[in-house]
Amino acid sequence: MDLEMVTYLSKLGKLSFTEEELEKTAEEMTSIIEIMDTIKEIDVEYNALADNKNVYLNDLREDASEPSMPTEKILQNAVNSENCFVVPKVVE
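Nothing here was measured: the structure is a model prediction, and the numbers come from that model. (Residues numbered from 1 in each chain as written. Predicted model: local features only at pLDDT ≥ 70, side-chain atom pairs only at ≥ 80, totals over all residues. Heavy atoms only, no water.)

Peer 1: Can you help me understand the environment of Ile74 in this one?
Peer 2: Topologically, Ile74 is positioned in helix α3 (residues 71-74). Among the residues examined, Ile74 registers a relative accessible area of 40% and is labelled partly exposed. For the pair Ile74 and Cys84, spaced 10 residues apart in sequence, the C-alpha to C-alpha distance is 9.7 Å. Leave out the neighbours within four places in its chain, and Ile74 touches Met69 and Phe85. (Helix = DSSP H or I, 4+ residues; strand = E, 2+ residues; numbered from the N terminus. Buried < 20%, exposed > 50% of the residue type's maximum accessible area, 1.4 Å probe, protein only. Contact = heavy atoms within 4.5 Å.)

What follows is the structure, given as structure tokens:
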């Protein structure tokens, strides 16, 4: 991954990096992409009958509902008062 792409992605993510950080991030992202390319070479086939054979319903935890945070507390610092968050557009 080149520095131009890392700079572009950091602008999209509204992140600021020094030149050294940009170079380090480019190296790290390149190694991550190389690992993902290696993983793509592995032939993985999903078989619904063979997969999950060691999972038993008795071993799963009980699905219990828990109270969530009050909406007023979550939205106390929100810009909009219509029970929603307003976020800037980040996709071009």
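Peer 1: Mind showing me how you'd approach the side chain of Ser10 here?
Peer 2: Its location among the elements puts Ser10 in helix α1 (residues 3-12). A residue is classified by how much of its surface remains accessible, and Ser10, at 7% relative accessible area, is buried.

Peer 1: Would you mind showing me how to read unusual backbone geometry here?
Peer 2: Most peptide bonds take the trans configuration, and most residues that are not glycine carry a negative phi. Although it is not a glycine, Lys14 adopts a positive phi angle of roughly 55 degrees. Following the sequence through the fold, Lys14 ends up in the loop between α1 and α2 (19-40).

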